Each structure stands twice: as structure tokens, then as C-alpha cells.
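# Understanding the architecture of this molecule
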Amino acid sequence: MITVALTKGRLYKDFTAYLKDNDLHQYIEPLSEDTRSLYTIVDNVKFIFAKGPDVPTYVESGVADIGIVGSDIIEEDTFNILNVSQLPFGDCHFSVAGLPDQGEFRTIATKYTNVASKYFREKKMDVSLVHLNGSVELAPLLGLTDGIVDIVQTGNTLKDNGLIEYEKILEIHARLIANKRTFYTKEDEIYKFLTEIGVF
Ligand code: PRP
Ligand code: MG
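As a starting point, this report considers the structure included with it. (Residues numbered from 1 in each chain as written. Chains lettered and ligands numbered in written order. Predicted model: local features only at pLDDT ≥ 70, side-chain atom pairs only at ≥ 80, totals over all residues. Heavy atoms only, no water.)

## Details of the sheet that holds strand β3 (residues 45-50)
In spatial order, the strands read β2-β3-β1-β4-β11-β5; together these 6 strands make up an open sheet with mixed pairing. A strand with exactly one partner marks an edge of an open sheet, and here the two such strands are β2 (39-42) and β5 (82-86). Sheet twist, expressed as the mean angle between neighbouring strand axes with direction ignored, is 25°. Two strands pair when backbone bridges link them, and β2 and β3 are joined in this way by 4 bridges, in the antiparallel orientation. Among the inter-strand pairings, V42 is bridged to a residue of β3, identified as V45. (Pairing = 2+ DSSP bridges. Helix = DSSP H or I, 4+ residues; strand = E, 2+ residues; numbered from the N terminus. Axes fitted to C-alpha atoms, helices over the stretch in contact; angles between N-to-C directions.)

## Quick notes on the site of ligand 1
Inspection of the region around ligand 1 gives 13 residues, with K111, E137, D150, T154 and T157 positioned closest. One of the side-chain nitrogen or oxygen atoms of R10 is found 3.0 Å away from an oxygen atom of ligand 1. Measuring from an oxygen atom of ligand 1, one finds a side-chain N or O atom of E137 at 2.5 Å. Here ligand 1 loses 74% of its free accessible area of 500 Å² to cover by the protein chains. When contributions to the shell around ligand 1 are tallied by element, the ones reaching two or more residues are β9 (147-152) and α7 (156-160). Here the element with the most residues in the shell around ligand 1 is β9; it accounts for 3 residues. (Near = heavy atom within 4 Å. Polar contact = N/O pair within 3.5 Å; in protein donor to acceptor, adjacent residues only side chain to side chain. Areas by Shrake-Rupley, 256 points an atom, 1.4 Å probe, with all protein chains shown as cover.)

## Regarding a nonpolar patch on the surface
Taken together, the side chains of M1, Y39 and I41 make up a nonpolar region of the molecular surface, amounting to roughly 310 Å² of accessible area. Within the secondary structure, M1 sits in the segment before β1 (2-7). M1 gets classed as partly exposed once you look at its relative accessible area, which sits at 44%. (Patch = residues over 30% accessible without salt bridge, like charges linked within 9 Å, V, L, I, M, F, W, Y side chains within 5 Å. Salt bridge = Lys/Arg side-chain N within 4 Å of Asp/Glu carboxyl O. Buried < 20%, exposed > 50% of the residue type's maximum accessible area, 1.4 Å probe, protein only.)

## Comments concerning the sheet that holds strand β7 (residues 107-110)
In spatial order, the strands read β8-β7-β9-β6-β10; together these 5 strands make up an open sheet with mixed pairing. The strands lining the two open edges of the sheet, one partner per strand, are β8 (128-131) and β10 (164-172). Ignoring which end each strand starts from, the neighbouring axes of this sheet average 25° apart. Where strand β6 (residues 92-98) and β9 come together, 6 bridges link them in antiparallel fashion. When the bridges of β9 are listed, G98 appears paired with G147.

## Quick notes on the pattern of salt bridges
One pass over the full model with this rule turns up 6 salt bridges. D65 is the partner of K186 in a salt bridge, and the nearest nitrogen-oxygen pair spans 3.1 Å. Pair noted here: K186 is in the loop between α8 (182-185) and α9 (187-196) and D65 is in the loop between α3 (55-61) and β4 (66-70), with a separation of 121 residues, a long-range link.

## Describing the nonpolar core
Among the nonpolar cores identified, the biggest contains 29 residues, and F47 and F193 are the most heavily contacted of them. Those elements that provide at least two residues to this core are β1, α1 (10-21), α2 (25-32), β3, β4, β11 (174-178) and α9. Among the elements that make up this core, the one with the highest residue count is α1 (5 residues). If sequence neighbours within four positions are ignored, F47 has contacts with V4, L6, Y27, L31, L38, Y39, T40, V42 and F193. (Core = buried A, V, L, I, M, F, W, Y, C linked by side-chain atoms within 4.5 Å. Contact = heavy atoms within 4.5 Å.)

## Examining the packing of aromatic side chains
This structure, assessed with the given rule, holds 11 aromatic pairs. With a centroid separation of 5.7 Å and 40° between ring planes, the pair formed by F15 and F89 is classed as tilted. Taken together, the positions of F15 in helix α1 and F89 in the loop between β5 and β6 put the pair 74 residues apart, joining distant regions of the chain. With respect to class, F15 is no different from F89; both count as buried. Where Y27 meets F193, the ring centres are 5.6 Å apart and the plane angle is 90°; that geometry is what we call edge-to-face. With Y27 in helix α2 and F193 in helix α9, this residue pair connects regions lying 166 residues apart in the sequence. Side by side, Y27 and F193 carry an identical accessibility label, which is buried. (Phe/Tyr/Trp six-rings, centres within 6.5 Å; stacked < 30°, edge-to-face > 60°.)

Below, the structure written as C-alpha cells:
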């Protein structure tokens, strides 16, 4: 048995769409069930559904052998994992955004303080960061900060809140990650699964 860590967020929708596009019927149904259960088993593959930032934690410890995670998570925090490969879904990017008439940015709200501070440090911009846990678009609307650093996918959240993108920071893609030990000790099972879903 191998354990695959997935997220139940936006990336999950992209992953199930990828399975559908590639006619991977054996996985589509069990992964699309409307249930509160946090795991499902298909043959010898156990899928667990975790919060995005927790996927690398499960994989690092070895209780999950591989995981599918947005590169945003591994840009923001450091994990002792194998960063195996980029996957063909989950494309989006980090941007700086704010109200249309915003001048220089002095304060920025974000869930991704490490990504943001690295970016502003490299640009030699003196910006104070406010950490929020989500819905960061509210911060410039309410005047908490001048702008945000956040993920943009369709751009709808920015548009619906009257915000515009000022600068693109970094591309984001789904990535396959693996435990440093079990990726080799369970090589055959992992390889079989990855071949089945067209990753290898
Ligand atoms: C993410 C991200 C943006 C939005 C981008 O938020 O933080 O707000 O999606 O997607 P879009 O460009 O397609 O609108 P999410 O809904 O995951 O929630 P959160 O910010 O509260 O974590
Ligand atoms: Mg959001």
C-alpha cells in the first residue's frame, strides 16, 4: 500500500479535472465522492485529503509516501522532501495587487510572508508585511494595507473586489513531492501509480 497526500482545495479540482481529461476512470469516482471522509482507498493506493500546507508535513514524516501540492507551499516554507517534478495542472501565479489608484506600496497583507519579504528585499523596497490567513483582498479595501501579495488564477477574486494586478512575482504549478526514504523503498508501487496517472 502507498499513501498519496492530496489537498481538498482548488488544486483538488484541477487534479480531478486532469484525471477526467485523461480518462483515468478507476480514480475519478472514488475521488469525486461527496463525503466528509478524509481518506479513500483504491486498490493499493490510499489517498488522504489534507490542508495544502500540511501535505509536505505528512510526506516529510513518511506517513504519506508522495504528495501533490502547489509550488506556492514549497516556496513559502522549507521541507525535507524530494521535490520530484512539475505536474501539468494547478497553474497560477503570485502577484502584487492593490486598488487602481495606488501609489507606492508601503504595507502589504499576505498569507505568504516569506515569498513577499524575499520579493521586496530583492527589489530593495521597504515594505511592512501584515500576515493574514486568507481573504487578503479585504485588506486594501478596508485600508488595513496598501496592497496584497497573493495567488492569482482566473483573476476573478481581484476583479470582483475592484483590485488590479501591479506586478507578477512568480509562476506557480502543481508539484509531485515524495518522502526521501519511501520513494526508494516503495519504488515499484509508487512507479506503478505514477505511470498509471501519466506522470512518469
Ligand atoms: C485564492 C487566492 C485568491 C484566489 C485566486 O483564495 O488567495 O484569493 O484564490 O483565484 P482567482 O484568481 O481564480 O480568483 P482562496 O479562495 O483559495 O481562499 P483564501 O484566500 O481564503 O485562502
Ligand atoms: Mg484568497
